[in-house]
Amino acid sequence: MFDNPYIALIFLGLFFRSVGFLVRDELMLRVLMIIGTFCDIVFYALQTPSIWGSVMTNTVLVVINASLIIIIVFERSILFMSSTDRRVFEQFMTLSPGQFRWVNRRARWRIADRRSVLLHEGEASDALFFINAPSYTVEKQGVSYTAKGPAFVGEIMLLQGGVASATVIVPKGAIYAEWDAHKLRCAMRKNRSLGNALMARFGHDLADKVRYSVPLPQQHPKPTAAPPHLAPEPASLVQVGA
């Protein structure tokens, strides 16, 4: 075995594959596996006669790993992403490009042709909205104020259920996206990485809402009517004998 002049290729391939299993990054793992497997391919091809069965089976492994490398690079980069999607992606800073593409493909993007109500205070909704506009209107307990965008609305119902705590209105021409809350909730439970990324994004959004929120006026209880004033009875005089 060791008198084979090409035996070093086997050990070189083993070295690269061993290092690949030690690294935690999947992209680097795939690259090292390809290098190690390619060393095996060269070794089997240089034999006399060549061991074509091993060459072909190892080539299949190289093709599989190369395909996965392309997928990983695509998920980690903004290549082939339109300029519009890139601007929207800037608002999803906690998601990877691949996660953003997944979420974006399931969004229904709309342009409000008039002043539109997305959520009604005290009513449940089965949708999550992302308002990609500089501002929108919030009405709560009879008080109306302008909120800063872009922002998610309906994320509390997505995570905890219940009803909307306020009415949300977008102006005419506003661009917003809508997701099916039930399907998105199921996807977050199945894909822990996606769920954590969206939770982090919702956290940023809630922090901004608190920062730019407008305090509601305090509602003081109505004063109760005071009891009628009773005039004091005249004190009786008591004569103290000397």
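Residues numbered from 1 in each chain as written. Predicted model: local features only at pLDDT ≥ 70, side-chain atom pairs only at ≥ 80, totals over all residues. Heavy atoms only, no water.

**Comments concerning the sheet that holds strand β6 (residues 151–153)**
Strand order in the open sheet formed by 4 strands is β1-β8-β3-β6, and the pairing between neighbours is antiparallel. In the strand order of this sheet, the two ends are held by β1 (108–111) and β6, each with one partner. For this sheet, the mean angle separating the axes of adjacent strands, direction not counted, is 25°. Sitting on the sheet, helix α7 (residues 181–190) is in contact with β3 (127–132) and β8 (175–180), with an inclination near 70° to β8. (Pairing = 2+ DSSP bridges. Helix = DSSP H or I, 4+ residues; strand = E, 2+ residues; numbered from the N terminus. Axes fitted to C-alpha atoms, helices over the stretch in contact; angles between N-to-C directions. Contact = heavy atoms within 4.5 Å.)

**A closer look at unusual backbone geometry**
A cis amide bond links Thr48 with the next residue in sequence, Pro49, at an omega value of -5°. Structurally, Pro49 can be placed in the loop between α2 (26–45) and α3 (52–76). Omega for the peptide link from Gly149 to Pro150 comes to -5°, which places this bond in the cis form. In the Ramachandran plot, Phe80 falls in the positive-phi region, its phi being about 65° despite a non-glycine side chain. Tracing the sequence through the fold places Phe80 in the loop between α3 and α4 (83–89).

**Focus: the packing of helix α5 (residues 97–105) against helix α8 (residues 192–211)**
The interhelical angle for the contact between α5 and α8, taken along N-to-C directions, is 85°, at an axis separation of 11 Å. By the criterion of interaxial angle, the relationship of α5 to α8 is roughly perpendicular. Every residue of α8 that contacts α5 at Gln99, Trp102 and Val103 is listed here: Ser193, Leu194 and Ala197. Residues that form the contact of α5 with α8 fall into these classes: 4 nonpolar, 2 polar and no charged. (Parallel < 35°, antiparallel > 145°, perpendicular 65-115°, else oblique. Nonpolar A, V, L, I, M, F, W, Y, C, P; charged D, E, K, R; others polar.)

**Structural notes on helix α1 (residues 7–22)**
Residues spaced three or four apart along an α-helix point in a common direction, a consequence of the helix completing one turn every 3.6 residues. For α1, built from 16 residues, the straight-helix expectation of 22 Å at 1.5 Å per residue is met to within 8% by its first-to-last C-alpha distance of 24 Å. Residues of α1 that are buried sit in contact with α2. (Expected span 1.5 Å × (residues − 1).)

**Here we look at the packing of α3 against α5**
Angle between the axes and distance between the axes are the two parameters that describe a pair of packed helices. For the pair α3 and α5, the least separation of the axes is 5 Å and the interaxial angle reads 80°. If you check the angle between α3 and α5, you find them roughly perpendicular. When α3 is examined against α5, the residues Phe74, Glu75 and Arg76 are found in contact with a partner set consisting of Pro97, Gly98 and Arg101.

Keep in mind that these numbers describe shape and distance, not what the molecule does.
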